[in-house]
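Below are the chains, spelled out letter by letter.
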Amino acid sequence: MTTEHVINGKKPPMQEFTLSDNPDKAMNEMMEAINSLRDVYIEETDALLKIDTMKFLQLQDKKISAARNYQSGVSQIMQRGNEFKNTPPATREELKKKQEEFSTLANANLDALERMHKTVKRLGERIMSAARETAEKRSPNYSAKGNMSKNKRGVSIGINESA
């Protein structure tokens with residue numbers, strides 16, 4: 001679920017993230033894109049660890065935007081690879097270091113997301129188990145003669161999750 005703003009029933013057009021024609025400036029812009037996505041991942045991981053669902057949901061649009069910019073920047077750098085061969089080695093090394101740090105953070109974020117997924121799954125299983133037990137205890141069962149008796153058969157229940 002996203003909380004994208006919709007104006008008159010339409011989503012605003014996505015703005016294209018374009019790196020500068022100047023390779024040095026483009027490298028710096030790419031590092032800013034990495035920092036932006038890294039910052040969102042830090043906030044999101046923190047929200048997941050604190051089980052702050054509202055904060056997690058509020059970050060999703062920001063995360064999508066930062067991820068698109070990052071992906072676009074990586075794609076542009078790969079397409080323009082020859083242009084970046086002449087950038088200072090220190091700049092290339094800094095970009096490589098940021099990318100490695102980002103990868104480590106992204107893995108930590110994925111771990112936190114997986115833990116949250118497992119927690120939500122266990123919660124859902126507990127709710128379903130409690131609902132089944134309640135249905136078995138409270139569900140009337142009619143005999144062939146129309147008498148009510150305690151339900152001795154298993155009860156099948158389901159939840160429609162399409163909403």
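Quick look at helix α1 (residues 23–49) now. In this model, α1 (27 residues) spans 38 Å end to end at C-alpha, consistent with the 39 Å of a helix rising 1.5 Å per residue. The backbone nitrogen of Asp-24 lies 2.8 Å from a side-chain oxygen of the residue at the head of α1, namely Asn-22. Where α1 terminates, the next one or two residues include Ile-51, which has phi positive at roughly 55°.

Moving on: helix α3 (residues 60–79). Compared with the 28 Å implied by 1.5 Å per residue over 20 residues, the 28 Å span of α3 between its first and last C-alpha is a close match. Of the residues making up α3, those classed as buried are Gln-60, Asp-61, Lys-63, Ala-66, Tyr-70, Ser-72, Gly-73, Gln-76 and Ile-77.

Within this structure, the stated rule accounts for six salt bridges. Taking the shortest distance from any N to any O, the salt bridge between Glu-43 and Lys-55 comes out at 3.2 Å. Taken as a pair, Glu-43 in helix α1 and Lys-55 in helix α2 (residues 53–58) lie far apart in primary sequence, 12 residues in all. We classify Glu-43 as partly exposed; its relative accessible area is 25%.

What follows covers the packing of aromatic side chains. Centre-to-centre distance and the angle between the planes together describe a pair of aromatic rings. Scanning the model with the defined rule gives two aromatic pairs in all. Arranged with centres 5.5 Å apart and planes meeting at 20°, the rings of Tyr-41 and Phe-102 form a pair that is stacked. With Tyr-41 in helix α1 and Phe-102 in helix α4 (residues 89–138), this pair connects stretches of sequence that are 61 residues apart. Look at Tyr-41 and you get buried, because its relative accessible area is 14%.

Basis of the calculations
- Residues numbered from 1 in each chain as written.
- Predicted model: local features only at pLDDT ≥ 70, side-chain atom pairs only at ≥ 80, totals over all residues.
- Heavy atoms only, no water.
- Helix = DSSP H or I, 4+ residues; strand = E, 2+ residues; numbered from the N terminus.
- Expected span 1.5 Å × (residues − 1).
- Polar contact = N/O pair within 3.5 Å; in protein donor to acceptor, adjacent residues only side chain to side chain.
- Buried < 20%, exposed > 50% of the residue type's maximum accessible area, 1.4 Å probe, protein only.
- Salt bridge = Lys/Arg side-chain N within 4 Å of Asp/Glu carboxyl O.
- Phe/Tyr/Trp six-rings, centres within 6.5 Å; stacked < 30°, edge-to-face > 60°.

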